[in-house]
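Listed below, chain by chain, are the residues.
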Amino acid sequence: MSVEMLSSFPKELTAEVDTVVFDVVGTLLEPSPSVAKAYKNSAETLGVTLPEADISKRFSVAWEKQEFFDSQQQPAFRTSRRREYERWKQIVCEVFEGYTVAEKIFEDLWLHFGKPSSWRPVAQGCQLLEAAREAGLKVAVASNFDERLLPLAQCVEPLIGIENIFASSEIGWRKPAVEFFRTVESRLGKDPRQLLLIGDDPRLDIAAAQTAGWKSMRIQ
Ligand SMILES: [Mg+2]
């Protein structure tokens, strides 16, 4: 199901649901400035000038390459703190391939995206979070963001006060692995049918949640 502006949940969607689990990036938070702008700013402080449009294109290619790499591992989409660090290093170094300061840009960006001031709330996601609470449902967060999310969640709205925050590197799996969803279920002590995932990504959130037997709702 896709939603545009919604202030309450359709009953058929939440009949058995006990907990609404939110994705983070693109659902509750978005980078501010944008990813391309942040990359451009970091690069400029290190003497590299690349247009945002080029950065965006290179970022998409580099991101997909890492996604493909993870999909080919045995088991697929297993992750760790080290793998998440390495994934982002590879992505940034590929965006700035050929520049000697690429690793320095990565180190700067790694810190940047761990800062509360680099993120802003997504209005629609915040509204759905509020609607879930008003409907008497529990809420949790499950993200492919690594463990940098945990300290961020303590000081960035709308994450403050959410008790159950699951980050990929901490649980050892990335979405779309079914094990990611099974781990969240077992930590929450719920059955798949009691869980509704709200996310922005058709594959990593919506299709993956459905495969795991969860209900899902896409934010756009
Ligand atoms: Mg997302």
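Residues numbered from 1 in each chain as written. Predicted model: local features only at pLDDT ≥ 70, side-chain atom pairs only at ≥ 80, totals over all residues. Heavy atoms only, no water.

A. Representation of the coordination of the magnesium ion in the model. Donor atoms from the polypeptide that coordinate the magnesium ion comprise Asp23 (OD), Val25 (O) and Asp200 (OD), at 2.1 to 2.2 Å from the metal. Here the donor residues of the magnesium ion share one chain and are spaced in sequence as D-x1-V-x174-D. One end of the pair, Asp23, is in the loop between β2 (19-22) and β3 (29-31); the other, Asp200, is in the loop between β7 (195-199) and α10 (202-211), and 177 residues separate them in sequence. (Donors = N, O, S within 2.8 Å, 3.2 Å for Na, K, Ca; no water. Helix = DSSP H or I, 4+ residues; strand = E, 2+ residues; numbered from the N terminus.)

B. Looking closely at the nonpolar core. Judged by nonpolar contacts, the single largest core of 51 residues is most densely connected at Phe9, Val20, Phe22, Tyr39, Phe96, Val141 and Leu159. Sorting elements by how many residues they give to this core places helix α5 (residues 102-112) first, with five residues. Taken domain by domain, this core gets at least three of its residues from each of domain 1 (2-28 + 122-219) and domain 2 (35-116). Beyond its immediate sequence surroundings of up to four residues, Val141 is in contact with Val21, Phe22, Val24, Leu28, Leu149, Leu159, Ile162, Asn164, Ile165 and Phe166. (Core = buried A, V, L, I, M, F, W, Y, C linked by side-chain atoms within 4.5 Å. Buried < 20%, exposed > 50% of the residue type's maximum accessible area, 1.4 Å probe, protein only. Domains from an automatic or database assignment. Contact = heavy atoms within 4.5 Å.)

C. Representation of the pairing of strand β8 (residues 215-219) within the structure. One ladder, built from four bridges, connects β7 with β8; its direction is parallel. Bridge assignment links Gly199 to a residue of β8, and that residue is Arg218. In the classification by handedness, the crossover that spans β7, the intervening α10 and the parallel β8 is right-handed. (Pairing = 2+ DSSP bridges. Right-handed = clockwise from strand over helix to strand, strands pointing away.)

D. Summary view of the pattern of salt bridges. Applying the stated criterion to the full structure yields 23 salt bridges. Salt-bridge contacts for Glu67 lead to Arg174; the nearest nitrogen and oxygen are separated by 3.6 Å. With Glu67 in helix α3 (residues 52-71) and Arg174 in the loop between α8 (168-171) and α9 (178-188), the pair connects residues that are 107 residues apart, well separated along the chain. Using a relative accessible area of 3% as the deciding quantity, one classes Glu67 as buried. Note that Glu67 is salt-bridged to Arg203, the shortest N-O span being 3.3 Å. (Salt bridge = Lys/Arg side-chain N within 4 Å of Asp/Glu carboxyl O.)

E. Representation of the packing of α3 against helix α4 (residues 81-95). Relative to each other, α3 and α4 sit at 145°, their axes nearing to 8 Å. Like other packed secondary-structure pairs, α3 and α4 cross with a definite hand, here right-handed. In this structure, α3 uses Ile55, Arg58, Phe59, Val61, Ala62, Trp63, Lys65, Gln66, Glu67, Phe69 and Asp70 to contact α4, whose residues at the interface are Arg83, Arg87, Trp88, Gln90, Ile91, Glu94 and Val95. In the contact of α3 with α4, the residues fall into nine nonpolar, two polar and seven charged. (Axes fitted to C-alpha atoms, helices over the stretch in contact; angles between N-to-C directions. Left-handed = near helix turned anticlockwise from the far one by under 90°. Nonpolar A, V, L, I, M, F, W, Y, C, P; charged D, E, K, R; others polar.)

F. Spatial organisation of the confidence of the model for the chain. Across the chain, the average pLDDT comes to 94, with 96% of residues at 70 or higher. Scored below 50 in pLDDT, residues 1-5 shows 16 contacts in the model against residues more than four places distant or in partner chains. (pLDDT = per-residue confidence, 0-100.)

G. Just the domain arrangement of the chain, in detail. With domains assigned, the chain is organised as domain 1 (2-28 + 122-219) and domain 2 (35-116). Centre-to-centre, using C-alpha coordinates, domain 1 lies 25 Å away from domain 2. With 19 residues of domain 1 in contact, the opposing surface of domain 2 contributes 19 residues. Buried area between domain 1 and domain 2, summed over both chains or domains, comes out near 1400 Å², and the portion from carbon and sulfur atoms is 57%. It is Arg148, Trp173 and Arg174 in domain 1 that bury the most area against domain 2; as a group they hold 43% of the surface buried on that side. Counting the contacts that link domain 1 with domain 2 gives five salt bridges. (Buried area = accessible area lost by both parts, 1.4 Å probe.)

H. Spotlight on the packing of aromatic side chains. Using the criterion set out here, one finds eleven aromatic pairs in the structure. With a centroid separation of 5.6 Å and 90° between ring planes, the pair formed by Tyr39 and Phe59 is classed as edge-to-face. Remark: Phe59 occurs in helix α3 and Tyr39 occurs in helix α2 (residues 35-45); sequence separation between them is 20 residues. Both residues of the pair, Tyr39 and Phe59, count as buried. (Phe/Tyr/Trp six-rings, centres within 6.5 Å; stacked < 30°, edge-to-face > 60°.)

I. The pairing of strand β5 (residues 138-143), seen in detail. Among the six residues of β5, five are classified as buried, and the element is accordingly described as predominantly covered. Taken together, the four bridges between β2 and β5 define a ladder with parallel strand orientation. The partner of Thr19 across the bridge, within β5, is Lys138. Where β5 lies against strand β6 (residues 165-167), three bridges are found, and the strand directions are parallel. Residue pairing across strands places Ser143 opposite Ala167, the latter belonging to β6.

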